[in-house]
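This is what each chain is made of:
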Amino acid sequence: MYRGIYPGRFQPFHLGHMNVIKWGLERVDELIVLIGSAQESHTLSNPFTAGERIEMINGTLREQKIPADRVILIPIPDILMNGVWVYHVKMYVPKFNAVIARNPLVNRLFREADFDVLEPPLYNREKYNSTLIRKQIIISDPSWIEAVPEFVVKYVKLIGGDIRLKEIAGTDKPLERK
Ligand code: NAP
């Protein structure tokens, strides 16, 4: 069994992340999606709780008919010491062989710990970008709906995630678009 982990914050989970999961599943038998910064929520950079991010990913995997026995979702809080982060991750997850990531810090830390590093291609970064999606939600720009899976659109609206983001940003009025 060749197992990979895919770390991310998924704030929110978008179609770029979904494509990385599909890319990863072509290369590993089982994929652990590591929901990083699990302690964070209700901020501009990290509006959603770890539980809400699990729901977004789970619902999308079901919608995409990805077999549940091939993906494991594990939330993990950050720690202050990058040098021991890989050991911290190892405590939370079943044994794995490879990391799937583009983040240079993440790749370096796992390479130093002798794991295989699989770097996925970039999928439509201009649209599939969490920072941009959060901004679009805040200014009521509907473009974000095209950048996330259908399930995530429904889920964000169901939990009032759009309203939460606008409140955190200090406005619920549409702002001028670029
Ligand atoms: P992210 O922004 O949610 O992205 C997750 C991964 O998906 C990244 O590799 C990202 O690549 C990739 N991605 C995003 N959009 C993509 C697209 N359109 N096409 C292809 N790939 C795409 O999460 P992240 O910030 O990298 O998550 C790393 C997590 O590890 C964080 O929670 C961080 O706090 C945690 N961490 C913790 C420690 C510690 O506790 N000391 C140390 C290291 C990392 P890009 O990098 O190119 O965006």
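Thresholds, definitions, all that
- In every chain, residue numbers begin from 1 and rise along the written sequence.
- Reporting of local features is limited, given that this is a predicted model, to residues whose pLDDT is at least 70; pairs of side-chain atoms are given and counted only at 80 or more, and all residues count toward the totals for whole chains, interfaces and linings.
- Neither water nor hydrogens contribute to the side-chain values; these are computed over all heavy atoms in the structure.
- Patch membership requires over 30% relative accessible area and the absence of a salt bridge. Like charges are linked within 9 Å, and nonpolar side chains (Val, Leu, Ile, Met, Phe, Trp, Tyr) within 5 Å.
- Areas reported here follow the Shrake-Rupley algorithm with a probe of radius 1.4 Å; residue values treat only the protein chains shown as occluding.
- In the sections that follow, a salt bridge refers to a side-chain nitrogen of Lys or Arg positioned within 4 Å of a carboxyl oxygen of Asp or Glu.
- For helices the rule is a DSSP run of H or I covering at least 4 residues; for strands it is a run of E covering at least 2, with both sets numbered from the N terminus onward.
- Burial status follows relative accessibility: with a 1.4 Å probe on protein chains alone, a residue under 20% of its type maximum counts as buried, one over 50% as exposed, and anything between as partly exposed.
- Here a residue counts as near a molecule or strand whenever at least one of its heavy atoms sits within 4 Å of it.
- Here a polar contact means two N or O atoms within 3.5 Å. Within protein one must be a hydrogen donor candidate and the other an acceptor candidate, and residues neighboring in sequence count only if both atoms are side-chain atoms.
- Here a cavity is any set of points on a 1 Å grid over the protein atoms alone where a 1.4 Å probe fits but cannot get out, and a pocket is any open set with protein on both sides within 12 Å along at least 5 of 7 lines; a residue lines the site when it has an atom within 4 Å of a point.
- Grid points are joined across faces, edges and corners, and a volume is the space filled by probe spheres set on the points.
- Put simply, Ala, Val, Leu, Ile, Met, Phe, Trp, Tyr, Cys and Pro go in the nonpolar bin, Asp, Glu, Lys and Arg in the charged bin, and everything else, Gly too, in the polar bin.
- Pairing of aromatic rings covers Phe, Tyr and the six-membered ring of Trp, with a centre-to-centre limit of 6.5 Å; geometry is then stacked below 30 degrees between planes, edge-to-face above 60, and tilted otherwise.
- Throughout, the edges of the domains are those of an automatic or database domain assignment.
- Note on definitions: a residue-residue contact is assigned when non-hydrogen atoms from the two residues lie within 4.5 Å.
- The term buried area refers to how much accessible surface (probe radius 1.4 Å) is lost by two components on association, counted for both of them together.

Draft legend 1. Just a nonpolar patch on the surface, in detail. On the surface, Leu 80, Met 81, Val 84 and Tyr 87 cluster together into a nonpolar patch covering about 500 Å² of accessible area. With respect to the secondary-structure elements, Tyr 87 resides in helix 3 (residues 85-92). Exposure remark for Tyr 87: the relative accessible area of 51% places this residue in the exposed category.

Draft legend 2. How the structure looks around the site of the ligand. Residues in close proximity to the ligand total 25 residues, the closest being Tyr 6, Ser 37, Asn 82, Tyr 123 and Arg 125. Between the ligand and Phe 10 there is a distance of 3.0 Å, counted from an oxygen atom to a backbone nitrogen or oxygen. At 3.4 Å, a side-chain N or O of Trp 85 approaches an oxygen atom of the ligand. Here the ligand has 900 Å² of accessible area as a free molecule, and 87% of this is covered by the chains.

Draft legend 3. Main features of the layout of surface pockets. By volume, the largest pocket amounts to about 860 Å³. The wall of the largest pocket is formed by 34 residues, among which Pro 7, Gly 8, Arg 9, His 17 and Asn 103 lie closest to the centre. Elements supplying a minimum of two residues to the lining of the largest pocket: strand 1 (3-8), helix 1 (15-25), helix 4 (104-112) and helix 5 (130-138). In terms of residue count, helix 4 provides more of the lining of the largest pocket than any other element does, four residues in total. Of the residues belonging to the lining of the largest pocket, the class tally is 18 nonpolar, twelve polar and four charged.

Draft legend 4. Representation of the packing of aromatic side chains in the model. Per the stated rule, a full pass over the model turns up seven aromatic pairs. Ring centres of Phe 10 and Phe 13 lie 5.9 Å apart, and the angle between their planes is 65°; this geometry places the pair in the edge-to-face category. Ring centres 4.4 Å apart and planes at 15° place the aromatic pair Phe 96 and Phe 115 in the stacked group. In this pair, Phe 96 is assigned in the loop between helix 3 and strand 4 (98-100) and Phe 115 in the loop between helix 4 and strand 5 (116-118), connecting sequence segments 19 residues apart. Phe 115 carries the same exposure label as Phe 96, and that label is buried. Through pairs of rings, three or more aromatic residues link up here, namely Trp 85, Phe 96, Phe 110 and Phe 115.

Draft legend 5. Summary view of the domain arrangement of the chain. Assigned domains of the chain: these are domain 1 (3-118) and domain 2 (130-169). The C-alpha-based centres of domain 1 and domain 2 are spaced at 21 Å. On the domain 2 side, the residues contacting the 19 residues of domain 1 number 20 residues. Across the domain 1 to domain 2 interface the summed buried area is about 1,700 Å²; carbon plus sulfur atoms make up 66%. If you look at where domain 1 meets domain 2, you find two salt bridges. Within the residue set of the side of domain 1 that touches domain 2, elements represented by two or more residues are helix 1 and helix 2 (50-63). The element best represented in the side of domain 1 that touches domain 2 is helix 2, accounting for six residues. Of the residues in the side of domain 1 that touches domain 2, the class split is seven nonpolar, nine polar and three charged.

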